[in-house]
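For reference, the chains in residue letters:
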Amino acid sequence: MPEAPMLQVENLDVFYGSYQVLWDVSLDVTNGEVVAVLGPNGSGKSTVLKAIMGLVPIRAGRVIFEGSDLTRVPTHEMVAHGISMVLERRRLFTNMTVRENILLGAYHKSVASQTKDRLEWVESLFPILAERRDQIAGKMSGGEQQMVAIARSLMSKPRLLLMDEPYLGLAPKIVDQIVQIIRKINGEGIAVLFNEQNVKLSFGVSNQGYLLEGGRMVLSGTGDEMMNSDVVRRVYLGV
Amino acid sequence: MTIYLFIEQIINGLIIGSTYALIGSGIALIYGTMRVLNLAHGEFYMLGGYFVFYLAVTMGLAPWIAIPTAVFGAFLLGMAIQRTTIHFLFGREGWMFSTIAATLGLSIFLQNAALLLFGEQFQTVPYYVSGVVELGQVRIPAQRILIFAVSMATIGVMTYVLKYTRLGWAIRATSQDRDAAAVVGIPAERIYMITFGIAAALGAIAAAMLAPIYSINPWSGLPILLKGFVVVILGGLGSFPGAIAGGLILGVVEAVGVQVTSSEWRDVISFGLMIAVIWWRPWGLFGQKPS
Amino acid sequence: MFQPLTPFKWLGILGAIIVMLLLPMVTQDTYLLHVLILAMVFGIFASAWNFVTGFAGLKTFGHHAFFALGAYGSALIGINLGLSAWLTIWLGGLIAALAGLFIGLPILRIRSMPHVAIVTLGFAEIVRITLSNLTDITRGELGLWGIPVFDGFTVPGLGEVVFSPADKVPYYYLAFALLLLSVGVITALMRSKTGLSLIAMRDGEDAAESLGINLTRQKLQVFVVSSFLVGVAGAFYAHYITILTPAAVAGVDLMILIIAMVLVGGLGTLSGPLVGALVLTILVEFLRDLDTFRMLVYGAIIILSVMFLPKGLVTLGRRWKRPPDAAATEAE
């Protein structure tokens, strides 16, 4: 019998005010996997990640992580359950230094005592951030900022990392670096769930994907299955 | 007027300005963290004054017990007010206006509650220290030196808290990006409540220090609120260091302005200065236009 | 809101006007008419404040300055130059409008709501303190008295119309005429191109700007017209009450009263300020015996209405008919 997935998202309905953006969305993430949520602009793919993290209220459905129901857990408690998130467009504390930003990633009481070990680990993954520790985060380049954001999210040593559009607004060269970083993170045994608009980029790194269209999950499968799917072609190319 | 008298006035301006800085930094802290303009901030000052009066005069406690107790009382009151009003408006449609309106309602409510509870007579608190400090020909009452020392020490402690403590980091992080702060595990709601409490406590410290030289009365909140507003406009709305500089500048400008005109024009001078700054540098003397 | 009115609504408005017009023929009770006159003065003030705050989105907290400038301006011109109140109330309005232009320019340079709130509040304090300090001219807090009343005149067929404290009926009709004029001006402006761009602004300032709408000019226009109307209301008040003190007409309590009225009635609606003015003016009269609680109640009304009645009384009916919207979230 196969092991239950680490994250089970079941039948989510999400509203912004009276305006529904997600209908009956379900997805699974298995331990140690990299999963992509694919979808065009406005398909609700960001909302899926935000809903899991508790940043937008869930009207109906459940979020189960490692057997416990996290549907109503407030955002600031999620790191204690082993889930962390890199927000869209980095969202650093721009007036604070790189070091301060990274240290804030270990703010929660459940992880604060291991701050020192975590910092060593994170800086070994991103040596450049140790060199730049006193720089004001807001003054760095987009790629460097994304690195700080990822480092910050790793400070709580999550078992699952959510990444909202990790490649958005970055130069192609930087995107390659971020892809390498995601592989590296995954190599540390951390599962990653991210969303992306571009089909090729999505499956450069992930082994499993979901396609979201108009707030509904329309397809799921492995990278190859998705790349060759008629549905993907229809959604993206209008064929 | 002799040069010594003039120097005395400047020093007095700095001393009063240091309490303006306390008021302004409370307003700046709340605005910086929550983007809420607190029109009830003067009432924290007014009620803080009454707390000191009741503890120090009516109950006869020593100032070093009465003042910290009053300040702690104001801290709790600030948290309670945030939790029962602002908390429910924050983030709702049109919250930026509704919080301003609600705090205006709170201000008038608290002012009149104080009038009913404490009566309309003006109260005062005896000097905490007596004597006069002489520096050459310049004479400054020790009480005023104490005001300056306590205000500056409070500002120093607050600066340290914001820069180096876990709470301070959480406040700064929440003020910069609420969602990002929540994601790393900072409970924004609790930080907001504590921020309100701290701002109220800063107001109460100013009230405790000014109680011996100004009277305590139910109407004392509005004038001090407006001073605080001038301070935050000078320093850039939401900037803690700006509020400190703004407070000292306002104190000196008022002191000089009163020498040139007369004391009844004091407030006109400060509001005139504020409108000039808005015209000339809308984001304050040190602030930058937010992107 | 500014679509052509349905016949049903026209009937309602016409009915209200007729009731107001006929009322003094049913009763000449001085006290009742006095309360209604005040309600109408506050109604003008509240409508004009709502015009800038609810429609144009400029959240000002210092409109009482314009009321005071109109009141003192008209009264002082009347006293010192001997001009008729029929003329000076418009001059009072002009003085207020000029002040509106003066303060409107700096606050429109910045879009930040808290800055606007602070500067307008500070400006009103400047006005109050100045009126209070210039005792040679205004007599300060002792009060300015000896303000001339409106000149009487003869209406053919009706006889002589005299403005005196004993007979409130002429004041009543004059206040009603001013109220109709103010609401008419506001409605006309809201239905003009200015109004359309204002609504666009309210729904999204950036979107309006990308359509090439010059926000500043429209907002300034609204601000100045609103100051003028409030100034005229203040001037009427001066010649009606015939005694002014800075605390009464330039104190922040007056602004709080108006804000409470608009919030209770419904911010950003046409009828809300009028309903709020009527309801709260009558409520004040009930609270007369409890004078010490009056402002306490106002404070509580403001807090409770923003918390539990965010759209005001006049939208209650609409909200009952439609299922309530889900709590607004921080949608991005």
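Under an unreviewed UniProt entry, the name given to chain C is Branched-chain amino acid ABC transporter permease, and the source organism is Pelagivirga sediminicola. Word for word, the UniProt comment on chain C under Subcellular location (unreviewed entry) is "Cell membrane".

In terms of regular secondary structure, chain C is built from 15 helices and 2 strands. Expressed as a percentage of its 332 residues, the buried residues of chain C come to 46%. Sequence-distant contacts in chain C: of pairs separated by 6 or more residues, those separated by 24 or more amount to 77%.

Our focus in this paragraph is the sheet that holds strand β7 (residues 160–163) of chain A. Residues and elements named next belong to chain A. Strand order across the open sheet formed by 6 strands is β6-β7-β8-β3-β9-β10, with mixed pairing between neighbours. Among the strands making up the open sheet, the edge pair consists of β6 (83–86) and β10 (216–222). Taken over all neighbouring pairs, the strand axes of this sheet differ in orientation by 20° on average, direction set aside. As judged from the 4 bridges shared by β7 and strand β8 (residues 191–196), these two strands associate in the parallel manner. When the sheet's bridge partners are listed, Met163 is paired in β8 with Phe194. Helix-sheet contacts for helix α6 (residues 142–154) involve β6 and β7, and the interaxial angle to β6 is about 170°.

What follows covers the confidence of the model for chain C. Residues and elements named next belong to chain C. Per-residue pLDDT for chain C has a mean of 84; in total, 89% of the residues score no lower than 70. Across chain C, the secondary-structure element scoring lowest on mean pLDDT is helix α15 (residues 316–321), at 55, and the one scoring highest is helix α3 (residues 64–81), at 95. Here residues 320–332 is modelled with pLDDT under 50, and outside its nearest four sequence neighbours on either side it reaches 16 contacts, counting other chains as well. Scoring the predicted complex yields pTM 0.89 and, for the interface, ipTM 0.91.

In this section: the packing of α6 of chain A against helix α7 (residues 172–187) of chain A. All names here are of chain A. Relative orientation of the contacting elements α6 and α7 amounts to 15°, with a least axis distance of 10 Å. One finds that α6 runs roughly parallel with respect to α7. Between α6 and α7 lies a crossing whose hand is right-handed. Between α6 and α7, the contacting residues are Gly142, Gly143, Gln146 and Ile150 on the first element and Ile174, Gln177, Ile178 and Ile181 on the second.

Right, let's talk about the packing of helix α2 (residues 41–58) of chain B against helix α8 (residues 188–210) of chain B for a bit. All names here are of chain B. Two elements in contact, α2 and α8, have axes separated by 7 Å at closest approach and are oriented at 55°. With respect to each other, α2 and α8 are oriented oblique. The chirality of how α2 crosses α8 is right-handed. Listed contacts from α8 to His41, Phe44, Tyr45, Gly48, Gly49, Phe51 and Val52 of α2 are Ala199, Ala200, Gly203, Ala204, Ala206, Ala207 and Ala208. Looking at the contact of α2 with α8 residue by residue, the class counts come to 10 nonpolar, 4 polar and no charged.

Once that is clear, we can look at the pairing of β7 of chain A. All names here are of chain A. The alternating pattern of β7 places Leu160 and Leu162 and Leu161 and Met163 on opposite faces, both of which are buried. Sheet topology note: the β6/β7 ladder contains 4 bridges and is parallel. Within β7, the position partnered with Ile83 by the bridge is Leu160. For the segment spanning β7, α7 and β8, crossover handedness is right-handed.

It is worth spelling out the domain arrangement of chain A at this point. One widely used convention gives an interface's size as the accessible area the parts lose upon coming together. All names here are of chain A. When the domains of chain A are assigned, the result is domain 1 (1–82 + 158–239) and domain 2 (94–157). Between domain 1 and domain 2, the contact holds 12 residues from the first and 11 residues from the second. Take the side of domain 1 that touches domain 2: its biggest share by element is 5 residues, from α7. Residues of the side of domain 1 that touches domain 2, tallied by class, amount to 9 nonpolar, 2 polar and 1 charged.

What follows covers the sheet that holds strand β2 (residues 19–29) of chain A. All names here are of chain A. Overall, antiparallel pairing links the 4 strands, which are arranged β2-β1-β4-β5 in an open sheet. The strands lining the two open edges of the sheet, one partner per strand, are β2 and β5 (68–69). Summarising the sheet, strand β4 (residues 58–65) and β5 pair through 2 bridges and their orientation is antiparallel. Among the inter-strand pairings, Ile64 is bridged to a residue of β5, identified as Asp69. Against the sheet, helix α1 (residues 45–53) contacts β1 (7–16), β2 and β4, and its axis sits at roughly 75° relative to β2.

Residues and elements named next belong to chain C. Per the UniProt record, the feature "transmembrane region" (unreviewed entry) sits at residues 7–25, 31–52, 64–83, 89–108, 171–190, 222–242, 254–283 and 295–314. Annotation note: span residues 89–108, helix share 100%, strand share 0%, distance between end C-alpha atoms 27 Å. Between the end C-alpha atoms of residues 295–314 there is a gap of 23 Å, over a span that is 70% helix and 0% strand.

This part is about the interface of chain C and chain B. Each side of the interface is counted separately: chain C has 35 residues, and chain B has 39 residues. Every element with two or more residues in the side of chain C that touches chain B is listed here: α4 (85–109), α5 (113–133), α12 (252–265) and α14 (294–308) of chain C. The class makeup of the residues in the side of chain C that touches chain B is 25 nonpolar, 6 polar and 4 charged.

Moving on to unusual backbone geometry. One non-glycine residue, Asn11 of chain A, lies in the positive phi region at around 50°. Relative to the elements of secondary structure, Asn11 of chain A occurs in strand β1. According to the C-beta neighbour criterion, Asn11 of chain A is partly exposed, with 13 such atoms within 10 Å. A positive phi angle, close to 60°, is found at Arg139 of chain C, a residue other than glycine. Here Arg139 of chain C shows up in the loop between α6 (135–138) and β1 (153–155). When the 17 C-beta atoms within 10 Å are taken as the criterion, Arg139 of chain C is described as partly exposed.

Time to look at the environment of Asn101 of chain A. All names here are of chain A. Relative to the helices and strands, Asn101 is located in helix α2 (residues 98–104). In the structure, Asn101 is positioned 35 residues away from Ile136 in sequence and 9.4 Å away in space, judged by C-alpha atoms. Beyond its immediate chain neighbours, meaning those up to four positions away, Asn101 contacts Leu92, Phe93, Met96, Ala137, Val148 and Arg152.

What follows concerns the pairing of strand β2 (residues 138–141) of chain B. Residue and element names in this part refer to chain B. Strand direction decides the pairing type here: strand β1 (residues 132–135) and β2, joined by 4 bridges, are antiparallel. From the neighbouring strand, Glu134 faces β2, where its bridge partner is Arg139. Here β1 folds back onto β2 in antiparallel fashion, the turn holding 2 residues, of which Gly136 has a positive phi close to 65°.

Parameters and conventions
Residues numbered from 1 in each chain as written. Chains lettered and ligands numbered in written order. Predicted model: local features only at pLDDT ≥ 70, side-chain atom pairs only at ≥ 80, totals over all residues. UniProt positions renumbered as here; feature names shortened; annotations may be inferred. Helix = DSSP H or I, 4+ residues; strand = E, 2+ residues; numbered from the N terminus. Buried ≥ 20, exposed ≤ 12 C-beta atoms within 10 Å, placed from the backbone. Contact = placed C-beta atoms within 7 Å. Pairing = 2+ DSSP bridges. Axes fitted to C-alpha atoms, helices over the stretch in contact; angles between N-to-C directions. pLDDT = per-residue confidence, 0-100. Parallel < 35°, antiparallel > 145°, perpendicular 65-115°, else oblique. Left-handed = near helix turned anticlockwise from the far one by under 90°. Nonpolar A, V, L, I, M, F, W, Y, C, P; charged D, E, K, R; others polar. Right-handed = clockwise from strand over helix to strand, strands pointing away. Domains from an automatic or database assignment.

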